[in-house]
Structure formats: structure tokens, C-alpha cells
Amino acid sequence: MTDRNGRLLGIGAVGGVVGGLLGGGNGVLTVPALDHYTSLPRPAVHGTSTLAATWVCAAGALVYWLIGGTLDLRAGGGMIVGGMIGGFYGAKLVARASETLLRVLLIVILVLTATKLYLDAAGLDPVADGAVVPADLLATWWFVVPLSVVVGIVVGAWAGAMGLGGGLLAVPALVLLFGVDLHTAAGTSLLVFLPNSLVSGLSHWRQGTADLRIANLVGLASAPGAVAGALLALALGNVVLGVVFGTFAAVMAVREVVLLVRRRRRPLPDDG
């Protein structure tokens, strides 16, 4: 039991550093680790990971706010509302969607994000320090608020269903759609998914698809890791952090492609 708890603490610590550094996405480590080192059924793995993510979001967002001052409530406020709606209702809708479609969409977003960040680092991005959405639209509340709520619903639903952390989608959305710099996007992403992770995680716990003890054990270890990751992110320049996040996005895109290929090659069950 002690060895198992040590592994869970290690999972939390490493996931916390990743979440604090990149504004979320710690679930890409937590989910497979919990699946490998625990006997939880797959739905409970996702639910436990989601509940544990509240510790990462709270600790990381606090560091970005107190030390970096890098939070954008203009876009983040609507995403918070949308994320809670998506986390509560959207997971069921996303669960009905094709897993292949969800993975393909994630791959496209990750590739676009990595491309933009690499172009930014090389000074070749035609919309560097800007958004793909026209600036005059982003200057109006009547456009930004509905857009941010819709984005929050989509990202919140995906994160709630997959348990992978919303940072993989929230950070790219803030950068690409709202023109937010990467440090601010990371801090805002963590703030956005604090209530989302809590609502989604408690929903999983109430329906029996989350282990509260394991979630708290992983979460307790992830909090100091998230603080360390956030401090590291704030110490890095925007270009360096962009290369780090771009590389992470590219690696995750390759991982998703591999999973898709393996899934397609998996032999169909013999009905005869």
C-alpha cells in the first residue's frame, strides 16, 4: 500500500509541474498513469483525474495571479461560465460523439497551435501577437462574451468527458482566437478550469465514476508541482515558453495519430 501511495504521489507531482507550466494538460499524464497503476475502471480513471485536476488549477492560477499578474478575465470570464455548463451537461453529449472525430479535431488544433508558436519563435507568424479573429470584433463585448462562452462550453465538455485537462484546448483557443500572450493564456486556462474540474469531478464522484481518496492523494502532490511549474513558466521568456508548449502540442498530436492508427488496425471481434 505504501509503494502504491508513493506512485500516486509521484504521478501527482509530475502532472502538477506539467499543468502549472503549460496551463493544464496534466491529464495526458495522469490518465494513463492511473490506468496503469490502479485497478480503477476506465470511466473512474477519467473522473478521478478530473477531480484531482482541481488542485492543479487552484495552485497554478494563484501563482499566475499573485506573482505574474497574468490573467485575462475579459475572455476568461465567459469561458468560466461556458466551462461549467460544458462540464455539467456537455460530457454526456461529447460521450455520444465519435471518438475518431474527437481525436481528429484535437490533432488539428494541436498542429495549428504548434505551427503558430514555432512561427512566432522564428518571427515568421503573419498574425504574431495577434489573433486570427479581426481586432475590431475582439474590441466589442457583444462578440467576445458569446464567443468565449461557446468556446468554454466546447472545451469544458471535452475536458469533462475525457479527463485530460482543458489546457490542451483552452490555451490554444485563448492564443489563436483572442490574441492572448502565452503566459496570460496559461494562467487564465487554469482559472477557467478550476470550477469546471470541480463541477465535473463532483459529478463523476456522485455517479460513482471517481475515487475520492485517490483523487485527493494525487491532488495533494500535484499542488506543489503546479506551483513549481507556474514559477518556471513565468521565469521563461515568451518565445522559450512558446517553443516548449509548441513541442508539447506537437508530441501530443503525434501521440493522438498513433492512437488512431492503432485503433484502426485493431482486429474486429469475430461474430461467428
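What counts, and at which threshold
Residue numbers here run from 1 along each chain, matching the order of that chain's written sequence. Local features are withheld for residues below a pLDDT of 70 in this predicted model, meaning they are given only at 70 or higher, and side-chain atom pairs are given and counted only at 80 or more; totals for whole chains, interfaces and linings count all residues. To get the side-chain values, take all heavy atoms of the structure and skip hydrogens and water. Secondary structure counts use DSSP, requiring at least four H or I residues in a row for a helix and at least two E residues in a row for a strand, with both numbered from the N terminus. Residues count as neighbours in contact if any of their non-hydrogen atoms are within 4.5 Å of one another. The method works on a 1 Å grid over the protein atoms by themselves. A cavity is a set of points holding a 1.4 Å probe that cannot get out, a pocket is an open set with protein on both sides within 12 Å along at least five of seven lines, and residues with an atom within 4 Å of a point line them. Grid points are joined across faces, edges and corners, and a volume is the space filled by probe spheres set on the points. Each residue is assigned to one of three groups, with Ala, Val, Leu, Ile, Met, Phe, Trp, Tyr, Cys and Pro labelled nonpolar, Asp, Glu, Lys and Arg labelled charged, and all others, Gly among them, labelled polar. We call Phe, Tyr and Trp rings a pair once their centres come within 6.5 Å, taking the six-membered ring for Trp, and we label the pair stacked below 30 degrees between planes, edge-to-face above 60, and tilted otherwise. Relative accessibility under 20% of the residue-type maximum defines a buried residue, over 50% an exposed one, and the middle range a partly exposed one, all with a 1.4 Å probe and only protein chains included. Two thresholds decide whether a charge sits over a ring: the Lys NZ or Arg CZ must be within 6 Å of the ring centre and within 35 degrees of the ring normal. The predictor reports its confidence for every residue as pLDDT, a score running from 0 up to 100. Two joining distances apply to patches: 9 Å for like charges and 5 Å for nonpolar side chains (Val, Leu, Ile, Met, Phe, Trp, Tyr), and every residue must have over 30% relative accessible area and no salt bridge. Note on areas: Shrake-Rupley with a 1.4 Å probe; residue coverage comes only from the protein chains shown. One speaks of a salt bridge when a side-chain nitrogen belonging to Lys or Arg is within 4 Å of a carboxyl oxygen belonging to Asp or Glu. For helices, the fitted line uses only the C-alpha atoms of the stretch in contact; every axis is such a line through C-alpha atoms, and the angle between N-to-C directions lies from 0 to 180 degrees. Reported orientations rely on four angle classes, namely roughly parallel under 35 degrees, roughly antiparallel over 145, roughly perpendicular from 65 to 115, and oblique for the rest. Two helices that cross are described as forming a left-handed crossing if the nearer one is turned anticlockwise from the farther one by less than a right angle, and a right-handed crossing if clockwise. UniProt positions are given in the numbering used here, feature names are shortened, and annotations may be inferred rather than shown by experiment.

Named according to an unreviewed UniProt entry, the protein chain is Probable membrane transporter protein originating from Actinomycetospora corticicola.

Help me out: how do you make sense of the environment of Gly225 in this one?
Within the fold, Gly225 resides in helix H10 (residues 212-235). The sequence separation of Gly225 and Ala13 amounts to 212 residues, and the corresponding C-alpha distance is 4.9 Å. Setting aside residues no more than four positions away along its own chain, Gly225 makes contact with Ala13, Gly16 and Val17.

What am I meant to see in empty space enclosed by the protein here?
One water molecule sets the probe size; rolling that probe over the atoms shows where empty space is left. Within the structure shown, the criterion is met by 2 cavities of 30 Å³ or more. In this structure, the second largest cavity occupies an estimated 50 Å³ of space. Along the walls of the second largest cavity sit Gly12, Gly15, Gly16, Asn26, Thr30, Ser49, Ala52, Ala53, Val56, Val218 and Ser222, which together make up its complete lining. Those elements that provide at least two residues to the lining of the second largest cavity are helix H1 (2-22), helix H3 (42-68) and H10. Here the element with the most residues in the lining of the second largest cavity is H3; it accounts for 4 residues. Of the residues belonging to the lining of the second largest cavity, the class tally is 4 nonpolar, 7 polar and no charged.

Would you mind going over the packing of aromatic side chains with me for this structure?
Pairs of aromatic rings are described using the distance from one ring centre to the other and the angle between the two planes. By the definition in use, this model includes 2 aromatic pairs. Both rings, one in Trp142 and one in Phe143, keep their centres 6.1 Å apart while their planes meet at 85 degrees; by these two values the pair is edge-to-face. Looking at Trp142, the relative accessible area reads 62%, which means it is exposed. A cation over a ring is seen here: Arg74 above Trp141, with NZ or CZ 5.1 Å from the ring centre.

What should I look at first to understand the confidence of the model for the protein chain in this one?
Regions with low pLDDT should not have their predicted coordinates read in detail. Put simply, the protein chain has an average pLDDT of 82, and 88% of its residues get 70 or more. When pLDDT is averaged over each helix and strand of the protein chain, the minimum, 75, is found for helix H4 (residues 73-96) and the maximum, 94, for H10. Note that residues 268-272 has pLDDT below 50 and, in this model, 0 contacts with residues that lie over four places away or in other chains.

I tried to follow helix H8 (residues 167-178) on my own but got confused; where do I start?
Note that an α-helix has 3.6 residues per turn; residues three or four places apart therefore point the same way. Among the 12 residues that make up H8, 11 are buried, leaving the element largely enclosed by the rest of the structure. Residues of H8 that are buried include every one of Gly167, Leu168, Leu169, Ala170, Val171, Pro172, Ala173, Leu174, Val175, Leu176 and Phe178, and no others. Gly179 sits one or two residues past H8 and shows a positive phi near 65 degrees.

What is the right way to read the side chain of Thr184 from this model?
For Thr184, the position within the fold is in helix H9 (residues 182-206). Filtering out sequence-adjacent residues up to four positions away, Thr184 remains in contact with Thr70, Leu71 and Asp72.

What is the right way to read a nonpolar patch on the surface from this model?
Judged by side-chain polarity, Leu62, Trp65, Leu66, Ile67, Val227 and Leu231 come together as a nonpolar surface patch covering roughly 600 Å² of accessible area. Of all the secondary structure elements, the ones that give two or more residues to the nonpolar patch are H3 and H10. With 4 residues, H3 is the single largest residue contributor to the nonpolar patch. Considering the arrangement of structural elements, one finds Leu62 in helix H3.

Got a minute to help me understand the packing of H1 against helix H11 (residues 238-265) in this structure?
Between two packed helices, both the angle of their axes relative to each other and the distance between the axes serve to describe the pair. Where H1 meets H11, the axes come as close as 11 Å, and the angle between the chain directions of the two elements is 125 degrees. Here H11 runs oblique to H1, going by the angle between their axes. Considering how the two elements wind past one another, H1 and H11 form a crossing that is left-handed. Here Val18, Leu21 and Leu22 of H1 lie close against H11, whose contacting residues are Leu241, Val244, Phe245 and Phe248. Split by residue class, the contact of H1 with H11 holds 7 nonpolar, no polar and no charged.

Can you walk me through the environment of Asp181 in this structure?
Relative to the helices and strands, Asp181 resides in the loop between H8 and H9. For the pair Asp181 and Ala131, spaced 50 residues apart in the sequence, the C-alpha separation amounts to 10.0 Å.

Can you walk me through the pattern of salt bridges in this structure?
Side chains bearing opposite charge may pair, as long as their charged atoms lie close to each other. All chains considered together, the criterion is met by 1 salt bridge. Of the charged contacts in the structure, one is a salt bridge between Arg255 and Glu256, with a shortest N-O distance of 3.0 Å. The class of Arg255 is partly exposed, set by a relative accessible area of 28%.

Is there a simple way to think about the UniProt feature "transmembrane region" (unreviewed entry) in the protein chain in this case?
As annotated by UniProt and renumbered to match this structure, "transmembrane region" (unreviewed entry) occupies residues 6-29, 50-67, 73-94, 101-119, 139-161, 168-194 and 226-254. Annotation note: span residues 50-67, helix share 100%, strand share 0%, distance between end C-alpha atoms 26 Å. Annotated as residues 226-254, this span is 93% helix and 0% strand, and its ends, taken at the C-alpha atoms, are 25 Å apart.

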